[in-house]
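Secondary and tertiary structure notes
So you can see what is in the structure, the chains are spelled out below.
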Number of protein chains: 2
Amino acid sequence: IPLSRTIRCTCIETSTQSVNPRFLKKLEIIPASQSCPRVEIIATMKKNREKRCLNPESKAIKNLLKAVRKERSKRS
Amino acid sequence: IPLSRTIRCTCIETSTQSVNPRFLKKLEIIPASQSCPRVEIIATMKKNREKRCLNPESKAIKNLLKAVRKERSKRS
(Lines give C-alpha, C1' and ligand atoms only; values in the text may rest on other atoms or scores of the structure.)
Protein backbone atom coordinates (compact mmCIF):
# COMPACT_ATOMS: atom_id res chain seq x y z
CA ILE A 1 0.00 0.00 0.00
CA PRO A 2 1.60 3.28 -1.03
CA LEU A 3 1.81 5.95 1.63
CA SER A 4 0.10 8.53 -0.46
CA ARG A 5 -1.16 8.74 -3.94
CA THR A 6 -2.15 11.77 -5.89
CA ILE A 7 -5.44 11.35 -7.64
CA ARG A 8 -5.52 13.25 -10.89
CA CYS A 9 -8.73 12.78 -12.68
CA THR A 10 -9.58 15.07 -15.55
CA CYS A 11 -13.30 15.11 -14.84
CA ILE A 12 -14.79 16.54 -11.68
CA GLU A 13 -18.32 15.72 -12.60
CA THR A 14 -19.89 13.93 -15.52
CA SER A 15 -22.96 14.58 -17.58
CA THR A 16 -25.45 11.91 -18.53
CA GLN A 17 -26.89 14.20 -21.20
CA SER A 18 -26.58 12.98 -24.73
CA VAL A 19 -24.16 14.55 -27.20
CA ASN A 20 -25.10 15.03 -30.84
CA PRO A 21 -22.45 13.15 -32.85
CA ARG A 22 -22.63 15.82 -35.57
CA PHE A 23 -21.23 18.45 -33.21
CA LEU A 24 -18.56 16.18 -31.86
CA LYS A 25 -14.96 16.81 -32.82
CA LYS A 26 -13.32 14.09 -30.79
CA LEU A 27 -14.11 11.58 -28.11
CA GLU A 28 -11.39 10.51 -25.69
CA ILE A 29 -11.68 7.43 -23.54
CA ILE A 30 -9.15 7.15 -20.76
CA PRO A 31 -9.13 3.82 -18.92
CA ALA A 32 -8.87 3.67 -15.14
CA SER A 33 -5.27 3.98 -14.00
CA GLN A 34 -3.15 4.70 -10.97
CA SER A 35 -3.64 8.43 -11.44
CA CYS A 36 -7.41 8.21 -11.74
CA PRO A 37 -9.35 5.18 -10.51
CA ARG A 38 -12.24 5.61 -12.90
CA VAL A 39 -12.77 5.49 -16.64
CA GLU A 40 -13.07 8.98 -18.09
CA ILE A 41 -14.84 9.89 -21.30
CA ILE A 42 -14.19 13.37 -22.60
CA ALA A 43 -16.11 14.77 -25.55
CA THR A 44 -14.59 17.72 -27.39
CA MET A 45 -17.24 19.69 -29.26
CA LYS A 46 -16.58 21.39 -32.61
CA LYS A 47 -17.85 24.70 -31.34
CA ASN A 48 -15.15 26.42 -29.25
CA ARG A 49 -13.56 23.01 -28.68
CA GLU A 50 -15.63 22.89 -25.52
CA LYS A 51 -14.96 19.77 -23.44
CA ARG A 52 -17.58 17.72 -21.67
CA CYS A 53 -17.11 14.81 -19.37
CA LEU A 54 -19.57 12.03 -19.94
CA ASN A 55 -20.69 9.23 -17.71
CA PRO A 56 -19.18 5.99 -19.06
CA GLU A 57 -22.07 3.98 -17.69
CA SER A 58 -24.80 6.04 -19.28
CA LYS A 59 -26.98 4.75 -22.06
CA ALA A 60 -26.19 7.97 -23.97
CA ILE A 61 -22.51 7.01 -24.27
CA LYS A 62 -23.34 3.58 -25.52
CA ASN A 63 -25.50 5.08 -28.25
CA LEU A 64 -22.95 7.76 -29.08
CA LEU A 65 -20.17 5.22 -29.55
CA LYS A 66 -22.40 3.19 -31.77
CA ALA A 67 -23.40 6.26 -33.81
CA VAL A 68 -19.82 7.46 -34.27
CA ARG A 69 -18.50 4.08 -35.26
CA LYS A 70 -21.25 3.56 -37.78
CA GLU A 71 -20.87 6.99 -39.33
CA ARG A 72 -18.67 6.26 -42.28
CA SER A 73 -18.12 8.37 -45.36
CA LYS A 74 -21.50 10.06 -45.17
CA ARG A 75 -19.94 13.51 -44.97
CA SER A 76 -17.25 12.97 -47.61
CA ILE B 1 -18.88 21.06 -54.83
CA PRO B 2 -15.60 22.58 -53.70
CA LEU B 3 -12.88 22.81 -56.32
CA SER B 4 -10.34 21.08 -54.19
CA ARG B 5 -10.24 19.69 -50.74
CA THR B 6 -7.30 18.61 -48.71
CA ILE B 7 -7.84 15.28 -47.07
CA ARG B 8 -6.07 15.09 -43.77
CA CYS B 9 -6.64 11.80 -42.11
CA THR B 10 -4.47 10.86 -39.17
CA CYS B 11 -4.41 7.17 -40.02
CA ILE B 12 -2.85 5.80 -43.17
CA GLU B 13 -3.72 2.24 -42.43
CA THR B 14 -5.64 0.56 -39.65
CA SER B 15 -5.07 -2.58 -37.70
CA THR B 16 -7.77 -5.11 -36.94
CA GLN B 17 -5.60 -6.65 -34.24
CA SER B 18 -6.96 -6.46 -30.74
CA VAL B 19 -5.48 -4.16 -28.12
CA ASN B 20 -5.15 -5.24 -24.52
CA PRO B 21 -7.10 -2.66 -22.47
CA ARG B 22 -4.53 -2.98 -19.66
CA PHE B 23 -1.83 -1.50 -21.87
CA LEU B 24 -4.03 1.25 -23.20
CA LYS B 25 -3.41 4.80 -22.08
CA LYS B 26 -6.04 6.53 -24.16
CA LEU B 27 -8.46 5.85 -26.97
CA GLU B 28 -9.43 8.68 -29.31
CA ILE B 29 -12.42 8.49 -31.59
CA ILE B 30 -12.58 11.12 -34.29
CA PRO B 31 -15.84 11.24 -36.25
CA ALA B 32 -15.85 11.65 -40.02
CA SER B 33 -15.47 15.29 -41.03
CA GLN B 34 -14.60 17.51 -43.96
CA SER B 35 -10.91 17.00 -43.33
CA CYS B 36 -11.16 13.21 -43.17
CA PRO B 37 -14.13 11.33 -44.59
CA ARG B 38 -13.82 8.35 -42.29
CA VAL B 39 -14.09 7.67 -38.60
CA GLU B 40 -10.67 7.30 -37.02
CA ILE B 41 -9.88 5.41 -33.85
CA ILE B 42 -6.45 5.99 -32.39
CA ALA B 43 -5.18 3.95 -29.47
CA THR B 44 -2.29 5.38 -27.47
CA MET B 45 -0.41 2.65 -25.62
CA LYS B 46 1.16 3.17 -22.19
CA LYS B 47 4.53 1.92 -23.37
CA ASN B 48 6.33 4.70 -25.27
CA ARG B 49 2.95 6.32 -25.95
CA GLU B 50 2.95 4.36 -29.18
CA LYS B 51 -0.09 5.14 -31.34
CA ARG B 52 -2.07 2.58 -33.28
CA CYS B 53 -4.90 3.17 -35.68
CA LEU B 54 -7.71 0.71 -35.29
CA ASN B 55 -10.44 -0.31 -37.68
CA PRO B 56 -13.73 1.15 -36.40
CA GLU B 57 -15.69 -1.66 -37.95
CA SER B 58 -13.68 -4.46 -36.39
CA LYS B 59 -15.08 -6.73 -33.74
CA ALA B 60 -11.94 -6.02 -31.69
CA ILE B 61 -12.91 -2.37 -31.28
CA LYS B 62 -16.38 -3.22 -30.18
CA ASN B 63 -15.01 -5.50 -27.49
CA LEU B 64 -12.34 -2.99 -26.47
CA LEU B 65 -14.89 -0.22 -25.98
CA LYS B 66 -17.01 -2.53 -23.92
CA ALA B 67 -14.04 -3.61 -21.80
CA VAL B 68 -12.83 -0.07 -21.18
CA ARG B 69 -16.26 1.23 -20.26
CA LYS B 70 -16.88 -1.60 -17.86
CA GLU B 71 -13.51 -1.28 -16.18
CA ARG B 72 -14.33 0.83 -13.16
CA SER B 73 -12.35 1.17 -9.98
CA LYS B 74 -10.68 -2.22 -10.28
CA ARG B 75 -7.22 -0.71 -10.33
CA SER B 76 -7.78 1.89 -7.61
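Refer to the structure presented above.
These numbers come from a predicted model, not from an experiment.

Notes on the overall build of chain A
Helix and strand counts for chain A come out as 1 helix and 3 strands. Mapped in sequence order, the helices and strands of chain A form the string β-β-β-α. Sequence separation of 24 or more characterises 51% of the internal contacts of chain A that already satisfy a separation of 6 or more. With an accessible surface of roughly 5,100 Å², chain A has 48% of that area assigned to carbon and sulfur atoms.

Observations regarding the packing of helix H1 (residues 59–70) of chain A against helix H1 (residues 59–70) of chain B
Running from amino to carboxyl end, H1(A) crosses H1(B) at an angle of 155 degrees, the nearest separation of the two axes being 12 Å. On the basis of the axis angle, H1(A) is roughly antiparallel to H1(B). As for the relative orientation of H1(A) and H1(B), their crossing is right-handed in sense. Residues A:Ile61, A:Lys62, A:Leu65 and A:Arg69 of H1(A) form the contact with H1(B), whose own contacting residues are B:Ile61, B:Lys62, B:Leu65 and B:Arg69. Residue composition of the contact of H1(A) with H1(B), by class: 4 nonpolar, no polar and 4 charged.

Re the pattern of salt bridges
All names here are of chain A. Considering all chains together, one arrives at 6 salt bridges over all chains under this definition. One salt bridge connects Glu 50 with Arg 52, and the closest N-O pair in it is separated by 3.2 Å. Judged by relative accessible area, Glu 50 falls into the partly exposed class, the value being 38%. Assessed through its relative accessible area of 28%, Arg 52 is described here as partly exposed.

Considerations on the sheet that holds strand S3 (residues 51–54) of chain A
Sheet strands line up and pair through hydrogen bonds in the backbone, either parallel or antiparallel. Pairing within the open sheet is antiparallel, and its 6 strands lie in the order S3(A)-S2(A)-S1(A)-S1(B)-S2(B)-S3(B). Of all strands in the sheet, those bounded by a partner on one side alone are S3 of chain A together with strand S3 (51–54) of chain B. Within this sheet the neighbouring strands show an average axis-to-axis angle of 20 degrees, counted without direction. By the bridge criterion, 6 bridges tie strand S1 (residues 24–30) of chain B to strand S2 (residues 40–45) of chain B in an arrangement that is antiparallel. Residue pairing across strands places B:Lys26 opposite B:Thr44, the latter belonging to S2(B).

Structural notes on the environment of B:Gln17
All names here are of chain B. Mapped onto the elements, Gln 17 comes out in the segment before S1. With relative accessibility at 60%, the residue Gln 17 sits in the exposed group. Along the sequence, Gln 17 and Ser 58 sit 41 residues apart, while their C-alpha atoms lie 8.6 Å from each other. Not counting chain neighbours up to four residues away, the residues in contact with Gln 17 comprise Leu 54 and Ala 60.

Here's the deal with the nonpolar core
In this structure, A:Leu27, A:Ile29, B:Leu27 and B:Ile29 are the most contacted members of the largest nonpolar core, which totals 26 residues. Among the elements of the structure, strand S1 (24–30), strand S2 (40–45) and H1 of chain A together with S1, S2 and H1 of chain B are those that each provide at least two residues to this core. Once you skip the residues sitting within four places of it in the chain, A:Ile29 turns out to touch A:Val39, A:Glu40, A:Ile41, A:Leu65, B:Lys26, B:Leu27, B:Ile29, B:Leu65 and B:Val68.

About the criteria used
- Residues numbered from 1 in each chain as written.
- Chains lettered and ligands numbered in written order.
- Predicted model: local features only at pLDDT ≥ 70, side-chain atom pairs only at ≥ 80, totals over all residues.
- Heavy atoms only, no water.
- Helix = DSSP H or I, 4+ residues; strand = E, 2+ residues; numbered from the N terminus.
- Contact = heavy atoms within 4.5 Å.
- Areas by Shrake-Rupley, 256 points an atom, 1.4 Å probe, with all protein chains shown as cover.
- Axes fitted to C-alpha atoms, helices over the stretch in contact; angles between N-to-C directions.
- Parallel < 35°, antiparallel > 145°, perpendicular 65-115°, else oblique.
- Left-handed = near helix turned anticlockwise from the far one by under 90°.
- Nonpolar A, V, L, I, M, F, W, Y, C, P; charged D, E, K, R; others polar.
- Salt bridge = Lys/Arg side-chain N within 4 Å of Asp/Glu carboxyl O.
- Buried < 20%, exposed > 50% of the residue type's maximum accessible area, 1.4 Å probe, protein only.
- Pairing = 2+ DSSP bridges.
- Core = buried A, V, L, I, M, F, W, Y, C linked by side-chain atoms within 4.5 Å.

The values are spatial; any link to function lies outside them.
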